[in-house]
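Notes for the structure review
Chain by chain, the residues:
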Amino acid sequence: RISKPSKTLKESPIQLNVEMVRPFKIKGGGGRKRKKRDEGYSREEEEEVTEQFIEEESPKKPRKEEEEEITTRDEEDNPNEELSGIPVVPSNQKSDPGVIFILEKASLEVAKVGKSYQLLSSEDHANFLKRHNRNPANYRPDIAHQALLMILDSPLNKAGRIRSVYVRTEKGVLFEVKPHVRIPRTYKRFSGIILQLLQKLSINAVGKREKLMRVVKNPVTQYLPLNSRKIGFSHSSEKLVDMKDYFSVAAGNDENLVFVVGAMAHGRIDKEFADDFISISGYPLSAAFCISRICNALEHKWKIL
């Protein structure tokens, strides 16, 4: 009787189930061990790859001293840095009195011609302007282009005496041009940059935070220094002066000079913020030639050769 129950237990379904499960456990156990080895290998490999990726993509944060050095280097003007379409030239601004030019009523207007936006000009869009009942003679963006070239290429600017240049369009849009920017020589490239400026409101240097050209809020007087003398130029003024004599008497050695020149084909500038309103010739002059006379007189006064 004692042996029979033992045989029954050996042949019982419970014992059979245990025997059936054992090889599965052994097989699974061996698989788990191999799996653990594989997981350990892949984990080490992943850690190496992850560390390499982190070192390449996200470098260690610099200390405060290094951050200050990096920020200072980014903010400094690098004369060799180039823009997309606008190179940068060196500028040596000193504490001496400077000059600010304001080009008034520049005919710089953007419109959709066909399927693209373009800078309107009398030469390229005469038919378009006539269809919209506008006078093509008033759309002369080349005047502002020539005036900017004359200002930025002058020895006065290369000596670091020009502090800034502001341009206000006929529609009242005001934008600033930094004096160390070299404006494109060809009108086609100039129109492309002005189009980009009026659409995106600024043009930045490549790899830098500095905005070389940017649209700013009116009025322009809030950007002018306090110790400045504002002089407007127009052929219609009754005060005809010689520039060299005028600067020797009227312009002091400790005040900044602000010149307001019209950049339009016809019309006159407003006298809203000018301290003096003069004419420098008995004949009508272009904006570029008027600016050249101003620069030549100041170069003679400050002995800039």
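Attention here is on the structure that accompanies the text.

About the criteria used
By convention here, each chain's residues receive numbers from 1 onward along its written sequence. Per-residue local features of the predicted model are confined to residues with pLDDT of at least 70, and side-chain atom pairs are confined, for both listing and counting, to 80 or more; whole-chain, interface and lining totals are unaffected and use all residues. Where side-chain values are given, they derive from all heavy atoms of the structure, hydrogens and water being excluded. Under the scheme used here, helices are H or I runs from DSSP no shorter than 4 residues and strands are E runs no shorter than 2 residues, and both carry numbers assigned from the N terminus. Multiplying 1.5 Å by the helix residue count minus one yields the expected span of that helix. Relative accessible area decides the class of each residue, using a 1.4 Å probe on protein chains only: under 20% of the type maximum gives buried, over 50% gives exposed, and in between gives partly exposed. The contact rule is simple, with two residues in contact once any of their heavy atoms fall within 4.5 Å. The term salt bridge refers to a side-chain nitrogen of Lys or Arg lying within 4 Å of a carboxyl oxygen of Asp or Glu. Here a patch means residues that are over 30% exposed by relative accessible area and free of salt bridges, tied together within 9 Å if like-charged and within 5 Å if nonpolar (Val, Leu, Ile, Met, Phe, Trp, Tyr). To measure how exposed things are, a 1.4 Å probe is used in the Shrake-Rupley method; for residues, cover is taken only from the protein chains shown. Pairs of N or O atoms within 3.5 Å make up the polar contacts considered here, provided that, within protein, one atom can donate a hydrogen while the other can accept it, and that residues adjacent in sequence are counted only when both atoms are side-chain atoms. Only the stretch in contact is used when fitting a helix axis, every axis being a line fitted to C-alpha atoms; angles between N-to-C directions are given from 0 to 180 degrees. An angle below 35 degrees is treated as roughly parallel, one above 145 as roughly antiparallel, one from 65 to 115 as roughly perpendicular, and anything else as oblique. Two helices cross in a left-handed way if the nearer one is turned anticlockwise from the farther one by less than a right angle. They cross in a right-handed way if the turn is clockwise. Residues are grouped as follows: Ala, Val, Leu, Ile, Met, Phe, Trp, Tyr, Cys and Pro are nonpolar; Asp, Glu, Lys and Arg are charged; every other residue, Gly included, is polar. Think of it this way: a Phe, Tyr or Trp ring, Trp meaning its six-membered ring, pairs with another when their centres are within 6.5 Å, and the plane angle makes it stacked under 30 degrees, edge-to-face over 60, tilted otherwise. A ring has a charge above it when a Lys NZ or an Arg CZ is no more than 6 Å from the ring centre and no more than 35 degrees off the ring normal.

The next subject is helix H5 (residues 141-152). Taking 1.5 Å per residue, 12 residues should reach 16 Å; H5 reaches 17 Å between its end C-alpha atoms and fits that length. Buried residues dominate H5, accounting for 9 of its 12 residues. All of the buried residues in H5 are Pro141, Ile143, Ala144, His145, Ala147, Leu148, Leu149, Ile151 and Leu152.

Relative to the elements of secondary structure, Tyr139 occurs in the loop between helix H4 (126-131) and H5. For Tyr139, a relative accessible area of 10% corresponds to the buried category. A sequence separation of 10 residues divides Tyr139 from Leu129, and the C-alpha atoms of the two residues are 9.0 Å apart. If near-sequence neighbours (up to four positions away) are discounted, Tyr139 is found in contact with Ser107, Glu109, Leu120, Ser121, Ser122, Leu129 and Arg134.

Attention shifts here to the pattern of salt bridges. By the definition in use, this model includes 7 salt bridges. Note that Glu104 is salt-bridged to Arg168, the shortest N-O span being 2.5 Å. Taken together, the positions of Glu104 in strand S1 (residues 99-106) and Arg168 in strand S4 (residues 162-169) put the pair 64 residues apart, joining distant regions of the chain. There is no split in this pair, since Glu104 and Arg168 are both buried. Here Lys239 and Asp276 are joined by a salt bridge, their closest N and O atoms 2.9 Å apart. Linking Lys239 in the loop between strand S8 (228-233) and helix H8 (243-249) with Asp276 in strand S10 (residues 276-278), this pair joins segments that are 37 residues apart in sequence.

Once that is clear, we can look at unusual backbone geometry. Put simply, Asn218 and Pro219 share a cis peptide bond, and its omega is 0°. As for its position among the elements, Pro219 is in the loop between strand S7 (211-216) and S8. Phi is positive for Asn133, close to 55°, though the residue is something other than glycine. One can find Asn133 in the loop between H4 and H5. When its relative accessible area of 74% is taken as the criterion, Asn133 is described as exposed. Even without glycine at this site, Leu201 takes up a positive phi of about 75°. As for its position among the elements, Leu201 is in the loop between helix H7 (187-200) and strand S6 (202-204).

Now for a nonpolar patch on the surface. A cluster of nonpolar side chains, contributed by Tyr283, Leu285 and Phe289, occupies part of the molecular surface with about 330 Å² of accessible area. Note on placement: Phe289 falls in helix H9 (residues 287-301).

On to the environment of Val215. You can see Val215 is positioned in strand S7. Residue Val215 is classed as partly exposed on the basis of its relative accessible area, which comes to 26%. In sequence terms Val215 and Leu201 are 14 residues apart; their C-alpha atoms lie 5.1 Å from each other. When residues no more than four places from it in sequence are discounted, the contact partners of Val215 are Val173, Leu174, Phe175, Leu197 and Leu201.

Given the relative accessible area of 10%, Asp276 is considered buried. Within the local environment of Asp276, its side chain forms a polar contact with the side chain of Tyr246, the two groups lying 2.7 Å apart. Residues in contact with Asp276, not counting those within four places in the same chain, are Arg229, Lys230, Ile231, Gly232, Lys239 and Tyr246.

At a closest axis distance of 8 Å, the pairing of H5 and H9 adopts a crossing angle of 15°. By the angle between their axes, H5 is roughly parallel relative to H9. When the axes of H5 and H9 are compared, the crossing they make is right-handed. In this structure, H5 contributes Ile143, Gln146, Ala147, Met150 and Ile151 to the contact, and H9 contributes Ala287, Ala288, Ile291 and Ser292. Each residue belonging to the contact of H5 with H9 can be placed in one class, and the counts come to 7 nonpolar, 2 polar and no charged.

The next subject is H7. Compared with the 20 Å implied by 1.5 Å per residue over 14 residues, the 20 Å span of H7 between its first and last C-alpha is a close match. Considered for burial, the residues of H7 that qualify are Phe190, Ser191, Ile193, Ile194, Leu195 and Leu197. Those residues of H7 that are buried lie in contact with strand S2 (110-113), strand S3 (116-119), H5, strand S5 (174-177), S6 and S7. Backbone geometry just after H7 places Leu201 at a positive phi near 75°.

Note on aromatic pairs: each is described by the distance of the centres and the angle between the planes. Considering all chains together, one arrives at 5 aromatic pairs under this definition. Between Phe101 and Phe259, the ring centres sit 5.5 Å apart and the planes meet at 45°, which makes this aromatic pair tilted. Separated by 158 residues along the polypeptide, Phe101 in strand S1 and Phe259 in strand S9 (residues 256-262) bring together distant segments of the chain. Ring geometry for Phe233 versus Phe259: centroids 5.7 Å apart, planes at 55°, classification tilted. Of this pair, Phe233 sits in strand S8 while Phe259 sits in strand S9; the two residues are 26 residues apart in sequence, bridging distant segments of the chain. Across the pair, exposure class does not vary: Phe233 and Phe259 are buried alike. The rings of Phe101, Phe233, Tyr246, Phe247 and Phe259 are connected pair by pair, giving a single aromatic cluster. Just above the ring of Trp302 sits the side chain of Arg161; from NZ or CZ to the centre is 4.1 Å.

No statement about biological role is implied by the geometric values presented.
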